[in-house]
Amino acid sequence: MSAPPFMQKGLAKNIANYVLHKIALTGASRKIIDAAALSAVHTYTQGNPRLIDNLMTDAIAIGSQQKAKVINADIIHDAVDNQVLG
């Protein structure tokens, strides 16, 4: 499944904006995820919104369990391992 048309052009930037928008909807700060994590989300999901949502749900749960203040690339990689995306 490829990315929807609205995400095709500038895919990495659109994925980052999508993730940051979803974070903002929860009332959280954009500072809870770093640039390396956003890049990892792009790498593993290739813009598939369902995969992004599922991956971020796991990443936030893992980050919470680890009492992390910021979702980083290591947390994204752990979430990928949970989802068998890698």
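Use the structure listed above.
Residues numbered from 1 in each chain as written. Predicted model: local features only at pLDDT ≥ 70, side-chain atom pairs only at ≥ 80, totals over all residues. Heavy atoms only, no water.

> What's the story with unusual backbone geometry in this structure? I'm lost.
Residues apart from glycine generally show negative phi values, whereas peptide bonds are mostly found in trans. The phi torsion at Q46 lies on the positive side, around 50°, for a residue other than glycine. With respect to the secondary-structure elements, Q46 resides in the loop between α3 (35–45) and α4 (49–65). Residue K67 is not a glycine yet carries a positive backbone phi of 55°. Here K67 is to be found in the loop between α4 and α5 (73–83). (Helix = DSSP H or I, 4+ residues; strand = E, 2+ residues; numbered from the N terminus.)

> What's the story with α4 in this structure? I'm lost.
Since the α-helix turns once every 3.6 residues, residues separated by three or four places project in the same direction. In a regular helix each residue adds 1.5 Å, so 17 residues correspond to 24 Å; α4 covers 24 Å between its end C-alpha atoms and thus fits that length. Taken as a whole, α4 has its buried residues at I52, L55, M56, A59, I62 and G63. The buried side chains of α4 occupy one side of the element, clustering within an arc of 125° when seen end-on. Summarising the geometry of α4, the exposed residues directed more than 90 degrees from the buried face are R50, T57, S64 and Q65. If you check the start of α4, you find a side-chain oxygen 2.9 Å away from the backbone N of R50, and it comes from N48. (Expected span 1.5 Å × (residues − 1). Buried < 20%, exposed > 50% of the residue type's maximum accessible area, 1.4 Å probe, protein only. Arc of directions from axis to C-beta. Polar contact = N/O pair within 3.5 Å; in protein donor to acceptor, adjacent residues only side chain to side chain.)

> Could you clarify how one ought to interpret the packing of helix α2 (residues 11–25) against α3 in this entry?
The relative placement of two packed helices comes down to the angle between their axes together with the axis-to-axis distance. Orientation of α2 relative to α3, taken along the N-to-C sense of each, is 115°, at an axis distance of 9 Å. Classified by the angle between their axes, α2 and α3 sit roughly perpendicular to one another. Once α2 is placed against α3, the crossing between them reads as right-handed. Two secondary-structure elements touch here, α2 through L11, A12, I15, A16, V19 and L20 and α3 through L38, V41, H42 and T45. (Axes fitted to C-alpha atoms, helices over the stretch in contact; angles between N-to-C directions. Parallel < 35°, antiparallel > 145°, perpendicular 65-115°, else oblique. Left-handed = near helix turned anticlockwise from the far one by under 90°. Contact = heavy atoms within 4.5 Å.)

> Is there a simple way to explain the nonpolar core in this structure?
Within soluble globular proteins, side chains that are nonpolar generally end up buried alongside one another. Grouped together as the largest cluster of nonpolar side chains are 22 residues, with contacts concentrated most on V19, I33, V41, I52, M56, I71 and I76. Per-element accounting of this core gives the leading share, seven residues, to α2. Contact partners of I76, with chain neighbours within four places excluded, come to A37, A40, V41, Y44, L55, M56, A59 and I71. (Core = buried A, V, L, I, M, F, W, Y, C linked by side-chain atoms within 4.5 Å.)

> What exactly am I supposed to notice about α5 here?
Within the sequence span of α5, burial applies to A73, I75, I76, A79 and V80. Burial along α5 is one-sided: seen end-on, the buried residues are contained in an arc of 155°. Exposed positions of α5 whose direction lies more than 90 degrees from the buried face are D74, D81 and N82. On the buried face of α5, the contacting elements are α3 and α4. Where α5 begins, the side chain of N72 points an oxygen toward the backbone nitrogen of D74, at a separation of 3.1 Å. Two residues or fewer past α5, V84 is found with a positive phi of approximately 55°.

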